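Structural characterization, general
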Amino acid sequence: MASKTATKDVITLKGSAAIVSEFFGYAANSILYNRGVYPEECFVKVKKYGLPMLLIEDDAVKAFLACLTSQISEWLESGKLQRVVLVIMSKASSEVLERWNFNIETDNEVVEKGVSRAKSDKEIMREIQAIMRQIASSITYLPCLDEPCVFDVLAYTDTDLEIPVTWMESDAKLILNPQMVKLHSFDTKIHKVDTLVSYKNDEWDEQ
Amino acid sequence: MILRTPPKKRKSEPLPAITADNQLVIYEDPNPESPHQVKADFLEALSSNEKEVDSLQSKLEQVNEEMQRKEVESKKFESRLRFVEQELAAAKGREQMLQKQYMKDVTDFQERHQKLLKDYSELEVKLKKEVNIRKNLESTATAAEEKALILEEKLQKLTEIAEREKKHLQNELSYFQNDSRLSVSKINAERELFECRAINAEKEAELFKRQLFELKNQLEECIQKKNEAENKLLSLNVPTQEPNSEGTRIRIKNLQDELRNYESEVQEARKLKSFHANAELLKEKISEERFRREQAEAELIKVQESQTKVDKLQDELMPWKSMIKEIPGAECCEDIPKKFAVMQKELVESMLKVGEVNGRLKELEITLEKALLDKQDAETQLGLAKKKEEEMFLELKRLELTVTSITGERDRLWALIATYEKEAAIAGKMDGTSGTGGADENRVKELELSLAEKEHMVSELEHSFCEQKEVIGNQHREIELLSERLNNEARRIKSLEREGYRLRSEISLLESKLGHGDYSAANTKVLRMANTLGVDNEAKQTIEALRDELQKTQARLKAVEEFKGQTDAGHLVDSSITEKLAELKKQIATLEKREERYKTVFAEKISIFRRACCALFGYKIVMDDQQRPNGIPVTFFTLHSIYAQSDDEKLEFEYESGNTNIVMNTYTSQPDIAQQMEIYVRKWNAIPAFTANLTVESFSRTTIS
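Residues numbered from 1 in each chain as written. Chains lettered and ligands numbered in written order. Predicted model: local features only at pLDDT ≥ 70, side-chain atom pairs only at ≥ 80, totals over all residues. Heavy atoms only, no water.

As recorded by an unreviewed UniProt entry, chain B carries the name Spindle assembly checkpoint component MAD1 and is attributed to Amborella trichopoda. In its Sequence similarities (unreviewed entry) section, the UniProt entry covering chain B states "Belongs to the MAD1 family." The Subcellular location (unreviewed entry) comment attached to chain B in UniProt states, word for word, "Nucleus". (UniProt positions renumbered as here; feature names shortened; annotations may be inferred.)

Looking up chain A in an unreviewed UniProt entry gives the name Mitotic spindle checkpoint protein MAD2, with the organism given as Amborella trichopoda. Note on chain A: under the UniProt heading Sequence similarities (unreviewed entry), the record states "Belongs to the MAD2 family."

Remarks on the interface of chain A and chain B
On the side of chain B, 23 residues touch chain A, which itself brings 42 residues to the contact. A combined buried area of about 2,700 Å² lies between chain A and chain B, and 59% of that area is made up of carbon and sulfur atoms. Looking only at chain A, the three residues that lose the most surface to chain B are F64(A), T159(A) and M168(A), adding up to 20% of its buried area. Residues R528(B) and D152(A) are paired through a salt bridge, measuring 2.7 Å at the closest nitrogen-oxygen approach. Our enumeration of links across chain A and chain B arrives at 10 residue pairs in polar contact (both at pLDDT 80 or more). Put simply, the parts of the chain that give the side of chain A that touches chain B at least two residues each are α3 (59-78), β4 (81-90), β5 (96-106), β7 (149-158), β8 (167-169), β9 (179-187) and β10 (191-199) of chain A. Broken down by element, the residue count for the side of chain A that touches chain B peaks at 8 residues, all from β7(A). In terms of strand pairing, β7(A) meets strand β1 (residues 524-529) of chain B through 5 bridges, oriented antiparallel. Bridge assignment links A155(A) to a residue of β1(B), and that residue is L527(B). (Contact = heavy atoms within 4.5 Å. Buried area = accessible area lost by both parts, 1.4 Å probe. Salt bridge = Lys/Arg side-chain N within 4 Å of Asp/Glu carboxyl O. Polar contact = N/O pair within 3.5 Å; in protein donor to acceptor, adjacent residues only side chain to side chain. Helix = DSSP H or I, 4+ residues; strand = E, 2+ residues; numbered from the N terminus. Pairing = 2+ DSSP bridges.)

A short note on the nonpolar core
The tendency in soluble globular proteins is for nonpolar side chains to be buried side by side. Counting residues in each nonpolar core, the largest one holds 56 residues, and the members touching the most others are F23(A), W100(A), M132(A) and F186(A). With 11 residues, helix α2 (residues 13-34) of chain A is the single largest residue contributor to this core. Residues contacting M132(A), with those up to four places away along its chain left out, are F23(A), Y26(A), A27(A), Y49(A), L51(A) and M53(A). Counting residues in hydrophobic clusters, the runner-up holds 12 residues, among them L651(B), I662(B), M677(B) and I687(B). (Core = buried A, V, L, I, M, F, W, Y, C linked by side-chain atoms within 4.5 Å. Buried < 20%, exposed > 50% of the residue type's maximum accessible area, 1.4 Å probe, protein only.)

Overview of the pattern of salt bridges
For side chains of opposite charge, pairing can occur when their charged atoms come near one another. All names here are of chain B. Summed over all chains, the structure comprises 20 salt bridges over all chains. Of the charged contacts in the structure, one is a salt bridge between R260 and D257, with a shortest N-O distance of 3.2 Å. Residue R260 and its partner D257 are both found in helix α2 (residues 238-326); the two are separated by 3 residues, about one turn of the helix. Its relative accessible area of 52% is what places R260 among the exposed residues. Overall, the relative accessible area of 34% leaves D257 in the partly exposed class. D374 serves as the salt-bridge partner of R492, at 1.7 Å between the closest nitrogen and oxygen. Here D374 lies in helix α3 (residues 335-430) and R492 lies in helix α4 (residues 434-516), a separation of 118 residues in the sequence. Looking at D374, the relative accessible area reads 21%, which means it is partly exposed. Through salt bridges with shared partners, a single ionic network connects R360, E499, R502 and E506.

Observations regarding the packing of helix α7 (residues 671-683) of chain B against helix α8 (residues 687-704) of chain B
Residues and elements named next belong to chain B. Two numbers describe how α7 lies on α8: the axes approach to 8 Å, and their chain directions differ by 145°. For the pair α7 and α8, the sense of crossing is right-handed. For the pair formed by α7 and α8, the contact residues are I673, Q676, M677, Y680 and V681 on the first element and I687, A689, F690, N693, L694 and E697 on the second. (Axes fitted to C-alpha atoms, helices over the stretch in contact; angles between N-to-C directions. Left-handed = near helix turned anticlockwise from the far one by under 90°.)

Quick notes on the UniProt feature "coiled-coil region" (unreviewed entry) in chain B
As recorded in UniProt, the feature "coiled-coil region" (unreviewed entry) lies at residues 46-316, 361-388, 444-499 and 536-601 of chain B. Segment residues 361-388 of chain B splits into 100% helix and 0% strand. End C-alpha atoms: 39 Å apart.

What about the sheet that holds β7(A)?
Judged by pairing direction, the sheet is antiparallel, and its 7 strands sit side by side in the order β8(A)-β1(B)-β7(A)-β4(A)-β5(A)-β10(A)-β9(A) without closing on themselves. Bordering the open sheet on either side are β8 and β9 of chain A, each of which pairs with just one other strand. On average, each strand axis in the sheet is inclined to that of its neighbour by 25°, with strand direction left out of account. Sheet analysis places β9(A) next to β10(A), joined by 7 bridges and oriented antiparallel. Counted as the bridge partner of V181(A) is V197(A) from β10(A). Contacts from α3(A) reach β4, β5, β7, β8 and β10 of chain A together with β1 of chain B within the one sheet, and its direction differs from that of β7(A) by about 15°. Here helix α5 (residues 121-137) of chain A sits on the sheet and contacts β5, β9 and β10 of chain A; the angle it forms with β9(A), its principal contact strand, is near 160°.

Below, the structure written as structure tokens:
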């Protein structure tokens, strides 16, 4: 039994990358649902991280997110991914309204030497759960998106990374003078993910 | 200290013995004296004792007062002690808090320090890499710049040359084409004309031949007739001869006229034949023109090759340009060194910043170490203070015990006094005995002894109080020192808090930057997934738009068809289009014809000009455009004299930007030619005179030979 728990607490680079990429998938789904980018009926409820999570059923978006998570997992394993940003833009004007910033710090020693770290799954799940709760509760303070929106995903990578066929170089899609809210972070002891949402200042609030 | 008079000495009488349980035993005097005297002595002794007792009581009161004072003082000390304890506890709490905070700060600082060190080391590594890369880039950039400059120069030259050549060739080509077309068309026309003429001439010639044949036949017949006539004349007589001869003469004359006519016709026929020969010559010319056209086409191919070369060079230039574009802020080659200078400056600034950060870090480390040492000192001093406090506590307890013992003693003395009083009362009742005086004295002695003890104890207590006071003073001083240190620590904490606040603000600034999405282009690039969703949507939208468009066009088509059914508008539209097309084709045809005409005219003119030049100046001129290794264009003219005896007899000139120079060859290096060249060309700079002289010489040579 002791050995079993001991093996469970050990986390490898591949395992950490899988956890983090899976988190991105669920986080993206949660953001798309909570921010109303896609209508409510497009989502189906599943249980994950001890929470009821919503996953999109649209085949195109599912394929897009699957492709995204697999690529992110690959980059996480190489240790060349610095940040992942989910950008919500106005469909009509392409103006950037929200940026969901997932900053990633990778333990380079693990990537270079292939050593493993120790952290229990339970603790990681608890940390992810806290972030998911915060994403769900973000609708209380984020401005209302009262126009049709689209989303895009940006990946901040090292410059020496070879760009895959399905990816291309892009601008950072920044928001001028954004409001920022820092959310919880989670750490697999190999990858530390800091979450931060920045959004366009609501003009009504400024008045 | 209370002084008292010593009691009078009496005979040594045994004093009433005090038993172990402090009870007085009645003494029976063996020598009874007068009771009044005894009583008086006793009273005196009693009064003195009472006085002593009073004095002792007063002393006791003083002692009590002192005791109370000391109790109050001890209470004060206790309260102070408690206050000190509370302060200590508070200080401990604060210290623990501070320690925790310190520990947190220390761990944070250590983490940050480690991170900074890591970052620093990474930055150093990156810096080294960047420096290496920069050096490489600089070297490559310089090389590239040089190459680019060379290539640009080459390209410019090539483009210039190519453009010039192209223009020249195009012009030439157009001239040649025009010439060739014109000449071809002209020659064709002439050929056709000549052919027609030739056919006509042939026909005429045949006719004339036939006529000639007939005339020959007639002439033969005539000759025969003439011979016959001559024979007849010979055979006949002379008078008949004359009119016949006149007739024959007339006939002959007629025949001769006819013959002349026929001869003129034959000459015309010959002329026609010569025309036919001219037509053949023209054919040859056509073939020559065709050859020239082929040459022009070959040159056109060369032009195309040069164009491909130009394209290649442009392609080679493209990566350089893209490389320039990749360098942020660089717009042209000149911007690259500036950019490098800016990058160097940034590097130096970043190095300075790193140095500053390291300095700050070291300062922080030093302050942290100092704080830790101070903390350890404070801890040791606190431990010492605690020990002293415990000692003080023990001392106080001791004092309390002494106080309790003193109070016990006092009570005992009080009890003693009470027993004395009782005894005195009993003795008063019994009118005194001789033994009581001794007992009192004993008691007084005892009391004196006890008083002396008490005084000793009091002096000891005073001494201990003095010591305690000194200790308390020392502790006060230590407390003051500690408070000073605490103040210093508080100041340090405040400075550290300020530092922490500054660091937090820096962190918040960095976080804000992070949140804003800023990034360093040197280390990071932003990628986005090729949004198939968007593409699909766009495709769907375009498909829908196309479908709408299709439906609309179908509807329009239907409407047009309906309209077509009603009227014959469609035919009209078609016919108008075809008419326009026909017009345009006609225009094209006329333009092509005009072009051909121009070309033929040009070709004709240029060939005439060349031939005229050759005929007038005696030299066939061959022009050859070439290029020097440095890219400067040069035209070579090769002159073949029409009187030249061999192909080697040729003069070569190079024409470069308005200057004509003779080129040495085997012919010109001959001594006589060289001499002439020296005189005419070098001395007088008169190439026409030189060539004319050579022409005359070669002409004379050929004529003489």
